[in-house]
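An overview of the molecular structure
The primary structure of each chain is shown beneath.
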Amino acid sequence: MSASLSSKPPIRVLVADASEETAARIDSVLRDAGFATRMQQTDDAEAMAQSLADNECDITFLNVEKAEVEHLLTRLRQANRALPIIAFCADQPRWSTGEAMALGASDLVCMQ
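**Here's the deal with the sheet that holds strand β5 (residues 107-110)**
- Within the open sheet, the five strands sit side by side as β2-β1-β3-β4-β5. Their pairing is parallel. One side of each edge strand has no neighbouring strand; the edge strands of this open sheet are β2 (37-42) and β5. The sheet shows a mean angle of 25° between the axes of neighbouring strands, direction not considered.
- Across six bridges, the pairing between strand β1 (residues 11-16) and β2 is parallel. Residue Arg12 lies in a different strand from β2, and its bridge partner there is Arg38.
- In this fold helix α2 (residues 20-32) packs onto β1, β2, β3 (59-63) and β4 (85-89), with an angle of close to 160° to the strand it touches most, β2.
- On the sheet, helix α4 (residues 69-79) packs against β3 and β4 and is oriented at approximately 165° with respect to β3.

The rules we used
- Residues numbered from 1 in each chain as written.
- Predicted model: local features only at pLDDT ≥ 70, side-chain atom pairs only at ≥ 80, totals over all residues.
- Heavy atoms only, no water.
- Pairing = 2+ DSSP bridges.
- Helix = DSSP H or I, 4+ residues; strand = E, 2+ residues; numbered from the N terminus.
- Axes fitted to C-alpha atoms, helices over the stretch in contact; angles between N-to-C directions.
- Contact = heavy atoms within 4.5 Å.

What follows is the structure, encoded as structure tokens:
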């Protein structure tokens, strides 16, 4: 790793999904792109809210297949307006990118 990359603090990533495999895939993609990361994975809404209240993350990845995703997007936006929220799905998205952004996501990606 170059000196310029190693001198930067790691990106604190919160993955809101039950799957540790999904969190590992996201971590791998970010690391392969040259970013140092510090991952936190949780499926618990209260743990997410606490992480946000404590300002413990720089970016959040939120699974749109979660039943309470609209509520979570609202809570995430209220907790930290500048926090990038990347909504993701495994296959076919339940919303268009525009709909996801209207609900508060910064973007919507499919992880196939």
